[in-house]
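# Architecture at a glance
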Amino acid sequence: MITGKAKSVTAVTSDAWCGEHQHEKSTIMSDICDFEWSNNRFRHNLTISDLKGYNKNEPTDRSRALIALKELIGASMDYALKDKSCFQDDEFLLRFLYARKFNVNDAFQLVINYHAYRQRNGPLLQRLSVLDENIQLALRDGFPGVLPNRDRRGRKVLIFLAGNWDYSSYSLVTVYRALLLSLEKLLEDKQNQANGFIAIVDWTNFTFRQSSNLNPKVLKLMIEGLQDCFPVRFKAIHFIGQPWYVEAALAVIRPFLKEKTRERIKLHGGNLSTLHDCVARDILPTELGGEGPTFNPLNWYHELLESSQIATKPAPSYILSQPQYYTKSPAPPMAVTTTTTTAISTTATVGSDFLKSTKAAAVKIGVLTTKANDPAANTLLGVGSDT
């Protein structure tokens, strides 16, 4: 039986515990509120005018916009920005500001989209290098080609000769990887960041069989990346010589395009005069009815190859392209070369079976070394295969 005194003691003890617990709970809630208030105060130091009112042509405004973007990145708790290593790279962040006309809020969202896209599509963006054999094949076929001169508005012109696509040797994914590698290099130039790009796609001689290899999933992936995730602006996309099945494919992907992107796609068909109304003839190659020299896709390929060997330090993890240095394999010892040469010279007298075995030995010892010394036909670098 519980006496009144015991009840009183129990009640007092219970009240004391509740009060202590309530005080502890209040302290915790106070800490949480202080954290939230501090975090919000940090974020809300940036007003609407701070996020939108910058002029890219004013150095002071560019600096203020860069500081505001860094503040947003530093305060962000978005999972895509768990690695904030890009925080101190001004040159990298300026790409996003130029891509969104120095609207800091839009540039911040583009930074998030960029990192999220990379996390979702890791295998696609791994080992993005000009020394990748499949990327080399795409670049040598002109995917993309880059004209040496800019248009009247200072924009860089990219050329795609769709009929050159050898889909049996490299896939649409490889074409996309080669394009991203090229854009990464071109964006090192501030003028390209500020003025953007135009693309000219020549569909002449593009066959129905080639069109059947335009994977819809890959096309959607390309649209998502180029339209919403990478700091690049295509100011115009010109199609010439497009057959009906290309227009049908365009109709399929049109719902995934933003209205502004749809407005920038111009279909010229076989009428090059309308193309020349948009892009001056003096910068276009003869293949596009221009007055310039014949288009040579190897020019851009060689420029990428040379620039990949002059990097002084590894690229940061948030940069798409990672330099891989080409080194020549040492020449085989003279004795091996002499033996191989002697073996090959005796094959004419010992029959076809011996010829085959000797030839195989020569390939292993001599031919592979030759290929290792040729960047255009390199098979020993191990930089990935087509996907």
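Structure: see above.
Residues numbered from 1 in each chain as written. Predicted model: local features only at pLDDT ≥ 70, side-chain atom pairs only at ≥ 80, totals over all residues. Heavy atoms only, no water.

## Quick word on the pattern of salt bridges
- Summed over the entire model, instances satisfying the criterion amount to 11 salt bridges.
- Between Asp90 and Lys70 there is a salt bridge, and its shortest N-O distance comes to 2.6 Å. Note that Asp90 is positioned in helix H4 (residues 90-99) and Lys70 in helix H3 (residues 59-75), a separation of 20 residues in sequence.
- Using a relative accessible area of 16% as the deciding quantity, one classes Lys70 as buried.
- The partner of Glu224 in a salt bridge is Arg120, and the shortest N-O contact between them spans 2.5 Å. With Glu224 in helix H11 (residues 216-229) and Arg120 in helix H5 (residues 104-120), the pair connects residues that are 104 residues apart, well separated along the chain. (Salt bridge = Lys/Arg side-chain N within 4 Å of Asp/Glu carboxyl O. Helix = DSSP H or I, 4+ residues; strand = E, 2+ residues; numbered from the N terminus. Buried < 20%, exposed > 50% of the residue type's maximum accessible area, 1.4 Å probe, protein only.)

## Focus: the sheet that holds strand E3 (residues 197-202)
- Taken together, 5 strands build an open sheet; the order of strands is E1-E2-E3-E4-E5 and the sheet is mixed. At either end of the open sheet lies a strand with only one pairing partner, and these are strand E1 (145-146) and strand E5 (265-269).
- Looking at chain direction, strand E4 (residues 234-240) and E5 are connected through 4 bridges and run parallel. Each bridged residue has a counterpart across the sheet, and for Phe239 the counterpart in E5 is Leu267.
- In this fold helix H8 (residues 172-186) packs onto E1, strand E2 (156-161), E3 and E4, with an angle of close to 165° to the strand it touches most, E2. (Pairing = 2+ DSSP bridges. Contact = heavy atoms within 4.5 Å. Axes fitted to C-alpha atoms, helices over the stretch in contact; angles between N-to-C directions.)

## Concerning the environment of Pro316
- Inspection of the secondary structure assignment puts Pro316 in the loop between helix H15 (298-307) and helix H16 (334-345).
- Since its relative accessible area comes to 32%, Pro316 is described here as partly exposed.
- Through-space distance from the C-alpha of Pro316 to that of Ser85 is 8.4 Å; in sequence the pair is 231 residues apart.

## Some remarks on the packing of aromatic side chains
- A full pass over the atoms with the stated rule returns 14 aromatic pairs.
- Their ring planes at 90° and their centres at 5.0 Å tell us that Tyr98 and Phe102 sit as a pair that is edge-to-face.
- Here Tyr98 falls in the buried class, since its relative accessible area comes to 9%.
- Judged by its relative accessible area of 0%, Phe102 is buried.
- Judged by centre distance (5.5 Å) and plane angle (75°), the rings of Trp203 and Phe239 are edge-to-face. Remark: Phe239 occurs in strand E4 and Trp203 occurs in the loop between E3 and helix H10 (208-211); sequence separation between them is 36 residues. Pair check on accessibility: Trp203 and Phe239 agree, each one buried.
- Among the aromatic side chains, those forming a connected cluster through ring pairs are Phe92, Phe96, Tyr114, Tyr117 and Phe230.
- It is Arg140 that lies over the ring of Tyr301; its NZ or CZ is 5.6 Å from the centre. (Phe/Tyr/Trp six-rings, centres within 6.5 Å; stacked < 30°, edge-to-face > 60°. Lys NZ or Arg CZ within 6 Å of the ring centre and 35° of its normal.)

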